[in-house]
Amino acid sequence: MKAKSNYALKANVNGPVLKMIRNYGLGADCVSGNEIREAIANGFPADDIVFAGVGKTDDEIRYALKQNINCINVESLHELKVIDVLARGLGIRAQVAFRINPHVDGQTKPEITTGIKINKFGINMDEIPLVTGLLSRLSNITFKGLHFHIGSQITDLEVFVELAQKVNHIQQIFVEAGFTPSLLNLGGGLGIDYLNPVGNPVPDYKNYFRAFLDNLNRLPGQDLYFEPGRAVVGQCGSLISSVLFLKNSGSVKYAILDAGMNNFIRPALYNAHHKIQNLTGIGKMHKYHIAGPVCESSDIFSKNVLLPEIKRGDLIVIRSAGAYGEVMASGYNLREPAHSVYSHDFAREIPKKVML
Ligand SMILES: *Cc1c(COP(=O)(O)O)cnc(C)c1O
């Protein structure tokens, strides 16, 4: 019986970050075959890796099975049948958990909620009888447990209490059908404080875990897994960019940066708020629209930000960019990627590229 956190690699896959997280003893939650490869390359043992995702390719499933990872989280009945066939082809049994959609609204942005009924993620609760029926027939499947992940950037901990209660109910349905889960995987989703990254850098893990420990009907010997991504790395990274130009459009003052939505898409994609600071400005305060150079009107990091007077060449920092930042970068407009540097590197040599 253990409780364990598996870091969701998709938030940030930089090698030094993964190695550090592994050194703290976390496992890995992967959503592609290449994430599994990256986890293994950075020291995560196969038995500490779980694999989720609504669209796994045959090659990815075979690779995961051959590596003998801890568990595959199955997101549909169709996927379950395919895994059974692929496992038979390899002459092994697949260890699986079922990702059940518990119909809990994460009270977060619609773009990042995953637990409501019409979502593409997970198996719907009304299909559970079909799952247990299939389980009795498929000979290359070993049932491990249940998986849930209801969305991201959840800051209202009552949502996790509600999830725990739903999990109890769903677990009971499986137990009554003769399938006792030895594993409950509660997913990720714990939010961070984007408004105040300096004053509040570490999320409320204590009450987050309490919400589950106090409310789950944990069966004897049952393992609990959690899958934090954003909570672990979000506050640990910043995007630093320099100002190319200043311009006025009507009454609006724009500061145009050399970083754009190609480097960091969260503001354009989710209308996400990130704290922005002028690292090199000390003058009078003005309001600015902070924009990137990309040929899209949505390439704006934030509007009406009150900052010390911005000059060409000033360094602008976009905070809380450690999660879902660099991993979502694109090559749009054939722009250069941002270069990663790590705080422990500053003691040694700063690469020329970031001397700006
Ligand atoms: C994205 C994801 C996570 C991590 O979510 P965070 O909100 O970053 O904690 C965990 N589990 C699964 C299955 C995911 O898809």
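Quantities reported herein were computed from a predicted structural model and do not represent experimental measurements.

Reading guide: rules and limits
Residues numbered from 1 in each chain as written. Predicted model: local features only at pLDDT ≥ 70, side-chain atom pairs only at ≥ 80, totals over all residues. Heavy atoms only, no water. Domains from an automatic or database assignment. Contact = heavy atoms within 4.5 Å. Buried area = accessible area lost by both parts, 1.4 Å probe. Salt bridge = Lys/Arg side-chain N within 4 Å of Asp/Glu carboxyl O. Polar contact = N/O pair within 3.5 Å; in protein donor to acceptor, adjacent residues only side chain to side chain. Helix = DSSP H or I, 4+ residues; strand = E, 2+ residues; numbered from the N terminus. Nonpolar A, V, L, I, M, F, W, Y, C, P; charged D, E, K, R; others polar. Near = heavy atom within 4 Å. Areas by Shrake-Rupley, 256 points an atom, 1.4 Å probe, with all protein chains shown as cover. Expected span 1.5 Å × (residues − 1). Buried < 20%, exposed > 50% of the residue type's maximum accessible area, 1.4 Å probe, protein only. Patch = residues over 30% accessible without salt bridge, like charges linked within 9 Å, V, L, I, M, F, W, Y side chains within 5 Å. Lys, Arg positive; Asp, Glu negative; His and termini not counted. Charge placed at Lys NZ, Arg CZ, Asp CG, Glu CD. Phe/Tyr/Trp six-rings, centres within 6.5 Å; stacked < 30°, edge-to-face > 60°. Core = buried A, V, L, I, M, F, W, Y, C linked by side-chain atoms within 4.5 Å.

### Topic: the domain arrangement of the chain
By a widespread convention, an interface's size corresponds to the accessible area lost as its parts come together. Along its sequence, the chain is carved into domain 1 (3–234) and domain 2 (237–354). Between the C-alpha centres of domain 1 and domain 2 there is a distance of 33 Å. The partner domain 2 presents 21 residues to the 19 residues of domain 1 that form the contact. Summing both sides of the interface, domain 1 and domain 2 together bury roughly 1,700 Å²; the carbon and sulfur share of this comes to 56%. On the surface where domain 1 and domain 2 come into contact, there are 0 salt bridges. The tally of links between domain 1 and domain 2 comes to 6 residue pairs in polar contact (both at pLDDT 80 or more). Where the side of domain 1 that touches domain 2 is concerned, the elements lending two or more residues are α1 (15–23) and α8 (230–233). Of the residues in the side of domain 1 that touches domain 2, the class split is 11 nonpolar, 4 polar and 4 charged.

### Quick notes on the site of the ligand
Neighbouring residues of the ligand: 15 residues in total, closest K10, S152, E227, R230 and Y324. Measuring from an oxygen atom of the ligand, one finds a side-chain N or O atom of S152 at 2.3 Å. One of the side-chain nitrogen or oxygen atoms of E227 is found 2.6 Å away from a nitrogen atom of the ligand. Contact with the protein chains hides 94% of the accessible area of the ligand, taken as 390 Å² for the molecule alone. Along the lines of polarity and charge, the residues of the shell around the ligand split into 4 nonpolar, 6 polar and 5 charged.

### Some points on helix α4 (residues 77–90)
Along its 14 residues, α4 runs 20 Å from first to last C-alpha, staying within 8% of the 20 Å computed at 1.5 Å per residue. All of the buried residues along α4 are L77, E79, L80, I83, D84, L86 and A87. At the exit of α4 stands G91, carrying a positive phi of roughly 70°.

### Observations regarding helix α6 (residues 158–176)
For α6, with 19 residues, the first-to-last C-alpha span of 28 Å sits near the 27 Å given by 1.5 Å per residue. Of the positions making up α6, those classed as buried are V159, F160, V161, L163, A164, V167, N168, I170, Q171 and F174. Those residues of α6 hidden inside the fold are in contact with β5 (94–101), α5 (128–137), β7 (141–147), β8 (183–185) and α7 (205–213). At the C-terminal side of α6, G178 shows a positive phi close to 95°.

### Here's the deal with a negative patch on the surface
A cluster of acidic residues, D105, D156, E158 and E162, forms a negative patch at the surface. Relative to the helices and strands, D156 is located in the loop between β7 and α6.

### Details of unusual backbone geometry
Positioned with a positive phi, Q153 is a non-glycine residue whose angle comes to about 55°. Examined against the element boundaries, Q153 turns out to sit in the loop between β7 and α6. Since its relative accessible area comes to 17%, Q153 is described here as buried. Unlike most non-glycine residues, N271 shows phi in positive territory, near 55°. Using a relative accessible area of 63% as the deciding quantity, one classes N271 as exposed.

### Looking at the packing of aromatic side chains
Describing an aromatic ring pair means giving the distance of the ring centres and the angle of the ring planes. Counted according to the given criterion, the structure contains 12 aromatic pairs. Ring geometry for Y205 versus F209: centroids 6.2 Å apart, planes at 15°, classification stacked. One end of the pair is Y205 and the other is F209, both in helix α7 and 4 residues apart, which spans about a single turn. A relative accessible area of 25% means that F209 is categorised as partly exposed.

### Digging into the side chain of K144
Following the sequence through the fold, K144 ends up in strand β7. It is D47 that comes nearest to the buried, bridge-free K144 among opposite-charge side chains, at 5.4 Å. Separated by 3.0 Å, the side chains of K144 and N70 make a polar contact.

### Here we look at the nonpolar core
F98, I100, L146, F174, L186 and F212 are the most contacted members of the largest nonpolar core, which totals 66 residues. For this core, the element with the most residues is α6, which contributes 8 residues. Composition of this core by domain shows at least three residues from each of domain 1 (3–234) and domain 2 (237–354). Residues contacting F174, with those up to four places away along its chain left out, are F98, I100, I128, V131, T132, F143, L146 and F179. Core analysis: the next-biggest nonpolar cluster, separate from the first, contains 16 residues, A255, L257, Y288 and L307 among them.

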